[in-house]
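Analysis of the macromolecular model
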Amino acid sequence: MKTRRSVRAYTGEPVSREVLEDIIDCGRLAATAINIQPWEFVVVTEGPMLRAIAAAAEYGSFIAQAAACVVVMCRDTKYYLEDGCNASQNILVAARAHGLGSCWVAGDKKPYAEKVRKLVGAPATHKVISLLAIGHAAGERETEKRPLTEVLHWEKY
Ligand SMILES: Cc1cc2nc3c(=O)[nH]c(=O)nc-3n(C[C@H](O)[C@H](O)[C@H](O)COP(=O)(O)O)c2cc1C
């Protein structure tokens with residue numbers, strides 16, 4: 001968890017179906033409001049579809065070079081966004097645990113979310129939460145984080 005950072009450059013080396021399945025399994029096991037589990041995960045690994053999603057996503061062109069893009073979707077429940085984000089974060093951390101790079105590309109609230117939903121053939125009852133690029137990292141980049149002493153408040157703000 002502490003070493004995960006967004007990776008936006010990939011080597012192009014494939015990731016096995018077994019590893020991708022384990023990563024999705026970690027998403028499936030995320031906490032969810034009243035255990036409703038409203039999610040579905042579409043794992044895209046084929047070049048033409050990766051390129052189509054990359055072209056649709058405003059700041060996600062690097063998806064075209066990733067080994068996979070996980071499209072996280074949820075049924076439109078009360079806590080669909082919290083649930084979908086929880087599963088998404090689990091997936092990013094699981095990818096890191098497998099030694100892989102990943103990057104969350106926005107889905108929910110983006111005008112292109114509908115296009116991506118249609119591209120992967122999901123029904124209109126489902127909302128696209130995130131597009132998660134996963135692959136072997138071609139280099140790593142540090143991101144500046146606010147220090148613990150600044151964000152942690154004991155007992156009161
Ligand atoms: C809801 C959400 C949407 C994001 N959308 C994008 C995106 O569209 N394109 C992108 O390159 N990164 C996106 N990111 C990644 C953030 O830019 C990144 O997490 C942030 O800069 C912190 O860097 P880190 O992931 O290395 O800690 C998104 C992250 C979140 C949580």
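Everything below is about the structure printed above this text.
Every value quoted in this text rests on a predicted model; they were computed, and no experiment measured them.

Side note on the packing of aromatic side chains
- In this structure the tally under the stated criterion is one aromatic pair.
- With a centroid separation of 6.2 Å and 35° between ring planes, the pair formed by Trp39 and Phe41 is classed as tilted.

Considering a nonpolar patch on the surface
- There is a patch of nonpolar side chains on the surface, built from Leu148, Val151, Leu152 and Trp154 and spanning about 450 Å² of accessible area.
- Here Leu148 lies in helix 5 (residues 148-151).
- Given the relative accessible area of 61%, Leu148 is considered exposed.

Digging into the sheet that holds strand 2 (residues 68-75)
- An order of 1-2-4-3 is seen for the four strands of this open sheet, with the pairing classed as antiparallel. Strands at the two margins of the open sheet, each flanked by one partner only, are strand 1 (39-44) and strand 3 (101-106). Strand after strand, the sheet turns through a mean of 20° between neighbouring axes, direction not considered.
- Summarising the sheet, strand 3 and strand 4 (residues 126-135) pair through six bridges and their orientation is antiparallel.

A short note on the side chain of Thr77
- Within the element layout of this structure, Thr77 appears in the loop between strand 2 and helix 3 (80-97).
- Once residues within four sequence positions are removed from consideration, Thr77 is found in contact with Ile36 and Pro38.

Brief notes about the site of the ligand
- Close to the ligand lie Arg4, Arg5, Ser6, Arg8, Tyr59, Phe62, Cys103, Trp104, Val105, Ala106, Thr143 and Lys145.
- Within the side chain of Ser6, an N or O atom sits 2.6 Å from an oxygen atom of the ligand.
- Separating a nitrogen atom of the ligand from a backbone N or O atom of Tyr59 is a distance of 2.8 Å.
- Across the complex, the protein chains shield 64% of the 620 Å² of accessible surface that the ligand would expose by itself.
- Partitioning the shell around the ligand into residue classes produces six nonpolar, two polar and four charged.

Thresholds, definitions, all that
Residues numbered from 1 in each chain as written. Predicted model: local features only at pLDDT ≥ 70, side-chain atom pairs only at ≥ 80, totals over all residues. Heavy atoms only, no water. Phe/Tyr/Trp six-rings, centres within 6.5 Å; stacked < 30°, edge-to-face > 60°. Patch = residues over 30% accessible without salt bridge, like charges linked within 9 Å, V, L, I, M, F, W, Y side chains within 5 Å. Areas by Shrake-Rupley, 256 points an atom, 1.4 Å probe, with all protein chains shown as cover. Salt bridge = Lys/Arg side-chain N within 4 Å of Asp/Glu carboxyl O. Helix = DSSP H or I, 4+ residues; strand = E, 2+ residues; numbered from the N terminus. Buried < 20%, exposed > 50% of the residue type's maximum accessible area, 1.4 Å probe, protein only. Pairing = 2+ DSSP bridges. Axes fitted to C-alpha atoms, helices over the stretch in contact; angles between N-to-C directions. Contact = heavy atoms within 4.5 Å. Near = heavy atom within 4 Å. Polar contact = N/O pair within 3.5 Å; in protein donor to acceptor, adjacent residues only side chain to side chain. Nonpolar A, V, L, I, M, F, W, Y, C, P; charged D, E, K, R; others polar.

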